[in-house]
Amino acid sequence: MKKINFYIPDLNLDAAQYVNTALNSGKSLFRGDFHEKCTQYFDTLFFPSKSYLVSSCTDAISMALITLELQQRDEIIIPSFTFVSVANALKNRGCQIKLADSLENCPNMDLESVKNLITPNTKAVIDVYYGGIISEENLKIRNFCKENNLFYIADAAHLVISKETARTVIEIADITVFSFHETKVLNCGQGGLMVLNTNSRNKIADEIYNHGTDKTSLNISNKKFYEWTNEGLEFNLNEISCALLWSQIERTNKIIDNLRKIILKYNDYLKTLRNSGKIKNCTEANASSFCPTIMYLVLESAEACNTLKEYLKENNIDTRQHYYPLHQSQFCRYKLQQQDNCNNASHLYERLLRLPLFYSLSEEDVIVICNAILKFYGAKDSALV
Ligand SMILES: *Cc1c(COP(=O)(O)O)cnc(C)c1O
């Protein structure tokens, strides 16, 4: 039986060629031509917002917190159902982590839960565009933040940046962060991007990005030296990674087209299970310009999820569950001594199953996966007619 992987990063011949070009250019491997190309590409797409290529989405979040001058004891609301790096960035900065629950059967944060966590010390909300989609719930939370003078930071780690999505992105959040980690759809091994939508903070962001110095304003100001002017870190995405990233950027449309096709097939073949209620919720290939990047099913029970996962494993099909909710984590319970109740997030984790989704996943493999799921449920008609 052939093994179907959960994920295979998309590597192509251009990637190797571009890395060679960078190595042979005789130019900087810190910020060279590919760094410039990628930055210009993002700056153009997100204009007038400014783009900063950084070494991970985690770093982009840290840079966002410094850029917005969030301080110790400021309270920041994040979903319990998210990746741990968001919480770590807050912990490292000494901010107070407030965990909000998810909606029932849905990976989105619940606005009501956010509202319940608001205190006079609340300064920001970090929301997730789960699976690369900006949903109604995201917009509701953003509007709530606007009305209440809170920063809205969007964790768009899953979102594929394209001409079509960039416009929407800059209209929503104060800062949007992206990931190019190898587990994401557009990837360069490890990398990230911070897009700053509040122009008044360009100078401070430039300083943070340049080791906390005024290096970038030297050209303009005739100053002969640069000096320490701000907090800063070494967040730069190096030239070799930018060369890899450029090879992916060039393939954006192809990648999006393929993912959409795959998700349509999943939706089509699993329709009967959706209609019968065995699948409570799942990724939909919708008509919006956002391309879903996670194929998930929310099943009826933890038991259904575990046994289906085992069954698929026996059939050589690799699936995954995530995110083990932060409020249940050892760190929260013992180190932070926080006792949050995010029941929807707990139930979601137990019942959410992610199916394979990547550029080179073939239609035949999608059929094999769907047939196995239908067989598990004893459905009469298989996906393959
Ligand atoms: C992957 C991921 C991150 C972290 O991205 P890195 O580039 O690995 O730092 C942050 N948030 C979410 C929601 C993610 O899925």
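Residues numbered from 1 in each chain as written. Predicted model: local features only at pLDDT ≥ 70, side-chain atom pairs only at ≥ 80, totals over all residues. Heavy atoms only, no water.

Caption draft 1: Layout of the packing of aromatic side chains. Within this structure, the stated rule accounts for 15 aromatic pairs. Consider the rings of Phe42 and Phe46, whose centres lie 6.4 Å apart with planes at 25°: the pair is stacked. Of this pair, Phe42 and Phe46 both sit in helix α2 (residues 33-46), 4 residues apart, roughly one helical turn. Geometrically, the ring pair formed by Phe376 and Tyr377 is edge-to-face, given 5.0 Å between the ring centres and 85° between the ring planes. For Tyr377, a relative accessible area of 18% translates into the label buried. Through pairs of rings, three or more aromatic residues link up here, namely Tyr41, Phe42, Phe46, Phe178, Phe180 and Trp246. Over the face of the ring belonging to Phe83 we find Lys184, whose NZ or CZ atom lies 6.0 Å from the ring centre. One Lys or Arg, Arg251, reaches over the ring of Tyr359 and ends 4.9 Å from the middle of that ring. (Phe/Tyr/Trp six-rings, centres within 6.5 Å; stacked < 30°, edge-to-face > 60°. Helix = DSSP H or I, 4+ residues; strand = E, 2+ residues; numbered from the N terminus. Buried < 20%, exposed > 50% of the residue type's maximum accessible area, 1.4 Å probe, protein only. Lys NZ or Arg CZ within 6 Å of the ring centre and 35° of its normal.)

Caption draft 2: Representation of unusual backbone geometry within the structure. The residue after Phe47, namely Pro48, is reached through a cis peptide bond having omega 5°. Looking along the chain, the bond that leaves His322 and enters Tyr323 is cis, with omega of -25°. Its identity as a non-glycine residue notwithstanding, Arg73 has a phi of 75°, on the positive side. Turning to its location among the elements, Arg73 is positioned in the loop between α3 (57-67) and β2 (75-79). Although it is not a glycine, Asn316 adopts a positive phi angle of roughly 65°. Residue position: Asn316 is located in the loop between α13 (302-314) and α14 (330-335).

Caption draft 3: View of the sheet that holds strand β8 (residues 279-282). Here 3 strands make up an open sheet; going across it, the order is β8-β9-β10 and the pairing antiparallel. With one partner strand each, in any of the chains shown, β8 and β10 (352-355) form the two edges of the open sheet. With strand direction ignored, the average angle separating the axes of adjacent strands in the sheet is 30°. Bridging between β8 and strand β9 (residues 295-299) involves 3 bridges; their strand directions are antiparallel. From the neighbouring strand, Cys282 faces β9, where its bridge partner is Leu297. Each of β9 and β10 touches α13; the most contacted strand, β10, lies at about 25° to it. With respect to the sheet, helix α15 (residues 343-351) is in contact with β8, β9 and β10, its orientation differing from that of β10 by roughly 45°. (Pairing = 2+ DSSP bridges. Axes fitted to C-alpha atoms, helices over the stretch in contact; angles between N-to-C directions. Contact = heavy atoms within 4.5 Å.)

Caption draft 4: Up close: the site of the ligand. If you check the shell around the ligand, you find 14 residues, and the closest are Thr58, Asp155, His158, Ser179 and Lys184. Contact distances for the ligand include 2.7 Å between a nitrogen atom and a side-chain N or O atom of Asp155. When the ligand is considered free in solution it has 380 Å² of accessible area, and contact with the protein chains removes 94% of it. Residue composition of the shell around the ligand, by class: 4 nonpolar, 8 polar and 2 charged. (Near = heavy atom within 4 Å. Polar contact = N/O pair within 3.5 Å; in protein donor to acceptor, adjacent residues only side chain to side chain. Areas by Shrake-Rupley, 256 points an atom, 1.4 Å probe, with all protein chains shown as cover. Nonpolar A, V, L, I, M, F, W, Y, C, P; charged D, E, K, R; others polar.)

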